[in-house]
Amino acid sequence: MKTDYEKLEKELIYKRKNGFRTMAKKEIKEAFAFCEPYKSYLDASKTEREAVKASLALAIKAGFEEWDEKKTYKAGDKVYYVNRGKAIILVKFGKNSLDNGINFSIAHIDSPRLDLKPNPLYESENMAFFDTHYYGGIKKYQWVTLPLALHGTVVKTNGESVDITVGEDEKDPIFYITDLLPHLGADQMKKTLGEGISGESLNVLIGSMPVEDEKISNGVKLRAIQLMNEKYGITEADLMSAELTFVPAGNARDIGFDRSLIASYGHDDRVCAYPSLKAIFDCGDIDRTALVCLTDKEEIGSLGNTGLDSNYLFDFVEDLSVSAGVNPRGVFRNSRCVSADVNAAYDPAFPEVYEKNNSSYINCGLVVTKYTGARGKSGSSDASAEFMAEIRRAFDSRDVLWQMGELGKVDVGGGGTVAKYVAKFNIDVVDVGVPVLSMHAPVEAVSKLDVYSAYKGILAFFEELK
Ligand code: MN
Ligand code: MN
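Residue positions are given per chain, counted from 1 along the sequence in the order it is written. Note on labels: chains are lettered from A, ligands numbered from 1, in written order. Under the rules for a predicted model, residues below a pLDDT of 70 receive no local features and side-chain atom pairs below 80 are neither given nor counted, while totals for whole chains, interfaces and linings still include all residues. Just so you know, side-chain values use all the structure's heavy atoms and leave hydrogens and water out.

1. Things to note about the sheet that holds strand 12 (residues 261–264)
And then number 1: In this analysis, strands are considered paired if DSSP registers two or more bridges between them. In this text, helices come from DSSP runs of H or I with a minimum length of four residues, and strands from runs of E with a minimum of two, each type numbered from the N-terminal end. On the basis of which strands lie adjacent, the open sheet formed by 3 strands has the order 11-12-20 and antiparallel pairing. Sheet topology places strand 11 (253–255) and strand 20 (444–447) at the edges, where each strand pairs with a single neighbour. Going from strand to strand, the sheet's axes swing by 35 degrees on average, the running direction of each strand aside.
And then number 2: When strand 11 meets strand 12, the two strands line up antiparallel, connected through 3 bridges. Its bridge partner lying in strand 12, Arg-253 is registered against Ala-263. Only the stretch in contact is used when fitting a helix axis, every axis being a line fitted to C-alpha atoms; angles between N-to-C directions are given from 0 to 180 degrees.

2. Some remarks on the packing of aromatic side chains
And then number 1: Pairing of aromatic side chains here covers Phe, Tyr and the six-membered ring of Trp, requires ring centres within 6.5 Å, and sorts the geometry by plane angle: under 30 degrees stacked, over 60 edge-to-face, intermediate tilted. Counted under the stated rule, the structure contains 21 aromatic pairs.
And then number 2: With 5.1 Å between their ring centres and 55 degrees between their planes, Tyr-346 and Tyr-354 make a pair best called tilted. Each member of the pair, Tyr-346 together with Tyr-354, is buried.
And then number 3: Grouping aromatic residues by their ring pairs yields a cluster made of Phe-34, Tyr-38, Tyr-41, Tyr-274, Tyr-452 and Tyr-455. Here the term buried applies to any residue with accessible area under 20% of the maximum for its type, exposed to any over 50%, and partly exposed to those in between, with areas from a 1.4 Å probe on protein chains only.

3. Topic: the coordination of the manganese ion (ligand 1)
And then number 1: Donor atoms (N, O, S) are those found within 2.8 Å of the metal centre, with the cutoff raised to 3.2 Å for Na, K and Ca; water is not part of the atom list, so apparent gaps in a site can occur. Listed as protein donors to the manganese ion (ligand 1) are His-108 (NE2), Asp-268 (OD), Asp-341 (OD) and Asp-341 (OD); their distances from the metal cover 2.1 to 2.6 Å.
And then number 2: The metal-metal distance between the manganese ion (ligand 1) and the manganese ion (ligand 2) comes to 3.3 Å, with Asp-268 coordinating both. With His-108 in strand 4 (residues 102–108) and Asp-268 in helix 8 (residues 267–282), this pair connects stretches of sequence that are 160 residues apart.
And then number 3: With a relative accessible area of 3%, Asp-268 lands in the buried category.

4. Details of a nonpolar patch on the surface
And then number 1: Like-charged residues within 9 Å of one another, or nonpolar side chains (Val, Leu, Ile, Met, Phe, Trp, Tyr) within 5 Å, are grouped into patches, provided each residue has over 30% relative accessible area and no salt bridge. For every accessible area listed, the method is Shrake-Rupley and the probe measures 1.4 Å; residues are considered covered only by the protein chains on display. Every case where a carboxyl oxygen of Asp or Glu lies within 4 Å of a side-chain nitrogen of Lys or Arg is listed as a salt bridge. A cluster of nonpolar residues, Leu-180, Leu-181 and Leu-184, forms a patch on the protein surface that exposes about 280 Å² of accessible area.
And then number 2: Structurally, Leu-184 is set in the loop between strand 8 (161–166) and helix 5 (186–190).
And then number 3: Residue Leu-184 is classed as exposed on the basis of its relative accessible area of 60%.

5. Describing the coordination of the manganese ion (ligand 2)
And then number 1: Protein ligation of the manganese ion (ligand 2) involves Asp-268 (OD), Glu-299 (OE), Glu-299 (OE) and His-440 (NE2), the donor distances falling in the range 2.1 to 2.6 Å.
And then number 2: Between the donor residues of the manganese ion (ligand 2), the gaps in sequence give the motif D-x30-E-x140-H.

6. Notes on the pairing of strand 2 (residues 78–83)
And then number 1: Here strand 1 (residues 65–66) pairs with strand 2 via 2 bridges, running parallel. In the strand pairing of strand 2, Glu-65 is matched with Val-79.
And then number 2: Taking the residues between adjacent antiparallel strands as the criterion, strand 2 and strand 3 (residues 87–92) are bridged by 3 residues, where Arg-84 takes a positive phi near 55 degrees.

7. A short note on the layout of surface pockets
And then number 1: The distinction between a cavity and a pocket rests on a 1 Å grid over the protein atoms alone: a 1.4 Å probe fits inside a cavity but cannot get out, while a pocket stays open yet meets protein on both sides within 12 Å along at least five of seven lines, and a residue with an atom within 4 Å of a point counts as lining. Grid points are joined across faces, edges and corners, and a volume is the space filled by probe spheres set on the points. A volume near 950 Å³ is recorded for the largest pocket.
And then number 2: Considering the residues around the largest pocket, the lining is formed by 35 residues, among which Ala-344, Leu-407, Ser-438, Met-439 and His-440 are closest to the centre.
And then number 3: Among the residues forming the lining of the largest pocket, the class breakdown is 14 nonpolar, 13 polar and 8 charged. Residue polarity is assigned by list, with Asp, Glu, Lys and Arg as charged and Ala, Val, Leu, Ile, Met, Phe, Trp, Tyr, Cys and Pro as nonpolar; anything else, Gly included, falls into the polar class.

8. Focus: the environment of Thr-372
And then number 1: Along the chain, Thr-372 falls in the loop between strand 16 (366–369) and helix 11 (385–397).
And then number 2: Thr-372 sits 207 residues away from Thr-165 along the chain, and the two C-alpha atoms are 35 Å apart.
And then number 3: Two residues form a contact once any of their heavy atoms are found within 4.5 Å. Residues within four places of Thr-372 in sequence aside, it is in contact with Lys-377, Ser-380, Gly-415, Gly-416, Thr-417 and Asp-431.

9. A word on the pattern of salt bridges
And then number 1: Following the criterion strictly, the structure yields 30 salt bridges and no others.
And then number 2: Between Lys-456 and Glu-27 there is a salt bridge, with its nearest N and O atoms 2.6 Å apart. Here Lys-456 is found in helix 13 (residues 448–464), whereas its partner Glu-27 is found in helix 3 (residues 25–44), with 429 residues between them in sequence.
And then number 3: A salt bridge links Asp-309 to Lys-424, with the shortest nitrogen-to-oxygen separation between them at 3.4 Å. Placement of Asp-309 in the loop between strand 13 (289–295) and helix 9 (312–323) and of Lys-424 in the loop between helix 12 (419–423) and strand 18 (428–433) is noted, with a sequence separation of 115 residues between them.
And then number 4: Since its relative accessible area comes to 28%, Asp-309 is described here as partly exposed.
And then number 5: For Lys-424, a relative accessible area of 53% translates into the label exposed.

10. Thoughts on the nonpolar core
And then number 1: Within the largest apolar cluster, 63 residues are counted, with the highest numbers of intra-cluster contacts made by Tyr-41, Leu-90, Leu-294, Phe-395, Val-430 and Phe-462.
And then number 2: Sorting elements by how many residues they give to this core places helix 13 first, with 10 residues.
And then number 3: Setting aside chain neighbours within four positions, we find Phe-462 in contact with Asn-103, Phe-104, Ser-105, Ser-276, Ala-279, Ile-280, Cys-283, Ile-286, Ala-290, Leu-291 and Val-292.
And then number 4: Membership of the second largest hydrophobic core comes to 32 residues, among which are Ile-138, Val-154, Val-166 and Ile-234. For the purposes of this section, nonpolar cores are sets of buried Ala, Val, Leu, Ile, Met, Phe, Trp, Tyr and Cys residues that join through side-chain atoms within 4.5 Å.

Structure, rendered in structure tokens:
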């Protein structure tokens with residue numbers, strides 16, 4: 001009998017799928033529609049504090065109530081817990097006892113940006129500046145000559161807290177970092193991209209108009225703080241107890257004639273936070289309890305008491321377990337987690353850093369990253385074959401568009417996520433997320449089909465892993 005090799009190829013060979021070739025028209029339409037509120041979420045969530053507020057508002061609308069350790073909860077109950085305004089945990093209780101394990105989806109809501117130094121304000125040559133210290137991994141040269149917006153919170157010594165956002169409204173002014181003109185830039189242009197703009201030179205121009213008194217030597221600086229004082233009631237010293245940050249000004253926008261992609265600041269990692277939220281809102285009668293944690297500080301190594309290297313999430317789960325009368329260690333041991341974070345999409349402009357077979361591609365769906373780490377998987381938690389099989393089964397049973405991916409070539413790439421901090425508690429964990437073009441640039445790009453696939457995948461994880 002002659003072998004039908006076409007049939008055999010279909011059965012035996014794996015082929016990555018492009019959603020525009022495989023998804024039904026109706027589903028493509030759903031994916032595009034899903035991304036409209038995602039764009040609004042991005043615009044409202046430029047810092048972790050703003051992301052917590054936006055997420056909490058959505059959660060309350062979806063029927064979540066503040067967690068009360070004195071209450072006992074039953075299947076279908078929905079609670080939230082906010083840690084210091086910078087991280088939020090949402091729980092939907094399943095039918096099974098907690099010691100059957102929890103399905104976690106964890107994403108981070110901090111993004112690379114320019115934070116103000118503690119003594120940020122100075123005047124030089126009749127111009128006033130805010131001096132910054134960048135947060136997270138940035139290519140410094142990308143941040144000059146961009147319209148920047150100021151976001152953050154100032155806490156005065158009397159405890160009063162003032163939220164500040166300037167630069168997002170069309171009528172607002174923006175802020176700006178200068179760069180050298182090419183005519184005088186010959187020496188600068190000889191430097192590497194890493195050296196051309198130094199961290200210390202990321203000084204943001206905030207004004208040039210002095211107060212009307214020539215006796216005042218730093219009149220431009222005084223005018224700047226005078227205006228802030230009139231609007232926000234703050235003094236220069238109040239900037240010492242502040243978290244103010246510069247981010248690119250402006251809203252998320254569609255890319256391309258076909259509008260298939262979205263350009264925005266901070267896709268990493270709101271592009272996984274938002275689908276996680278929608279998945280826990282939309283999941284039906286689940287067996288295992290579902291938990292979404294949107295955490296802070298991932299971009300600087302997850303340290304600090306709002307990052308995942310702190311115990312706040314695990315202590316919360318311990319408290320949940322104790323109030324449900326079960327052993328927390330049993331809960332952890334039987335739990336599974338998707339560490340929902342982005343991966344680098346294959347970029348044809350830079351083929352030298354990617355290995356084609358093991359890269360993720362835009363429009364090919366949610367990317368599963370078995371291990372991250374750099375140079376010999378160092379620093380990675382490396383998901384088990386058993387857990388990978390469960391994930392594959394869950395995604396395939398719901399027709400989720402998904403793919404496998406590593407971050408760059410073996411000796412080139414690498415990066416960390418929160419996965420290892422979860423694995424520490426003996427929880428099965430794997431990285432899943434959305435492929436991003438120009439990750440960590442002031443404006444990043446993602447595909448709408450991939451954002452929607454992240455939602456479908458996390459929903460499948462909550463509903464199918466029993
Ligand atoms: Mn990330
Ligand atoms: Mn990142």
